Amino acid sequence: MQHDLFSSLDSFQALSVAASALLVRDVAGQYRPAEADEVLLVAQQLLAAQVRGNDVMSSPAVVKDFLRARLGNLPHEVFAVVHLDAQNRVLDYVEMFRGTVSQTSVYPREVVRDALLRSSSALLLVHNHPSGVADPSRADEYLTQTLKQAAALVDVRVLDHFIVAGSSVQSMAELGLV
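Residues numbered from 1 in each chain as written. Predicted model: local features only at pLDDT ≥ 70, side-chain atom pairs only at ≥ 80, totals over all residues. Heavy atoms only, no water.

With that settled, the discussion passes to the pairing of strand 7 (residues 168-171). What you see with strand 7 is a clean split: Val169 and Ser171 sit on the buried side and Ser168 and Gln170 on the side with no burial. As defined by bridge partners, strand 6 (residues 157-165) adjoins strand 7 across four bridges and the pair is classed as antiparallel. In the strand pairing of strand 7, Val164 is matched with Val169. What sits between strand 6 and strand 7 in their antiparallel hairpin is a turn of two residues, with Gly166 showing a positive phi close to 65 degrees. (Buried < 20%, exposed > 50% of the residue type's maximum accessible area, 1.4 Å probe, protein only. Helix = DSSP H or I, 4+ residues; strand = E, 2+ residues; numbered from the N terminus. Pairing = 2+ DSSP bridges.)

Here it is as structure tokens:
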């Protein structure tokens, strides 16, 4: 049974409380309470290990947990790509572009180039909304269609575009927008 990492961690404050219950060893070998960012880093590493090599279609909850951990609390927008092989197994996760609090510039040429370099067969597009609202904008819809068309020129499929806002993750494919 898959456990939702975020079911009991509704905020960074809750993460801080959880972190204080965990101990880490410092360079001198002494134990001390873990800091919230240390717990989050380890959670991201564990989720990344679970995601890499997994069939993304049989474990969407793990992928969403991973995306929440990576992008959910960032104060700026990030556009990332999850690269998949021909069996929809995760090859890599790449944060390609960083923006401001309300927008990110995304260059289709760079996304396609990266997909070719990694021999990707399919892509999951991902970005966050620091505003906390996971609903796709018209610009998100346009970007998705532009990237889908560009990737199709080199036989790479765009399967979904996820929008992460805090603990919420919205799938544009589930909304019929991909």
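On we go from here.
Empty space among the atoms can be located by rolling a probe the size of a water molecule over them. In this structure, the second largest pocket encloses a volume near 180 Å³. Along its surface, the second largest pocket is lined by Glu77, Phe79, Ser102, Gln103, Thr104, Val106, His127, His129, Ser137, Ala139, Asp140 and Leu143. A breakdown of the residues in the lining of the second largest pocket according to their chemical character gives four nonpolar, six polar and two charged. (1 Å grid on protein atoms, 1.4 Å probe; cavity = no way out; pocket = protein on both sides within 12 Å on 5 of 7 lines; lining within 4 Å. Points joined across faces, edges and corners; volume = space filled by probe spheres on them. Nonpolar A, V, L, I, M, F, W, Y, C, P; charged D, E, K, R; others polar.)

This structure, assessed with the given rule, holds eight salt bridges. Measuring nitrogen to oxygen at the nearest pair gives 2.9 Å for the salt bridge that ties Asp85 to Arg89. A relative accessible area of 13% means that Asp85 is categorised as buried. A salt bridge links Glu110 to Arg113; its shortest N-O distance comes to 3.0 Å. With Glu110 and Arg113 both in helix 4 (residues 108-117), this residue pair falls three residues apart, about one helical turn. For Glu110, a relative accessible area of 27% gives the class partly exposed. On the basis of relative accessible area, Arg113 is assigned to the partly exposed category, the value being 45%. When salt bridges with common partners are traced through the structure, they connect Asp92, Asp114 and Arg118 into a single cluster. (Salt bridge = Lys/Arg side-chain N within 4 Å of Asp/Glu carboxyl O.)

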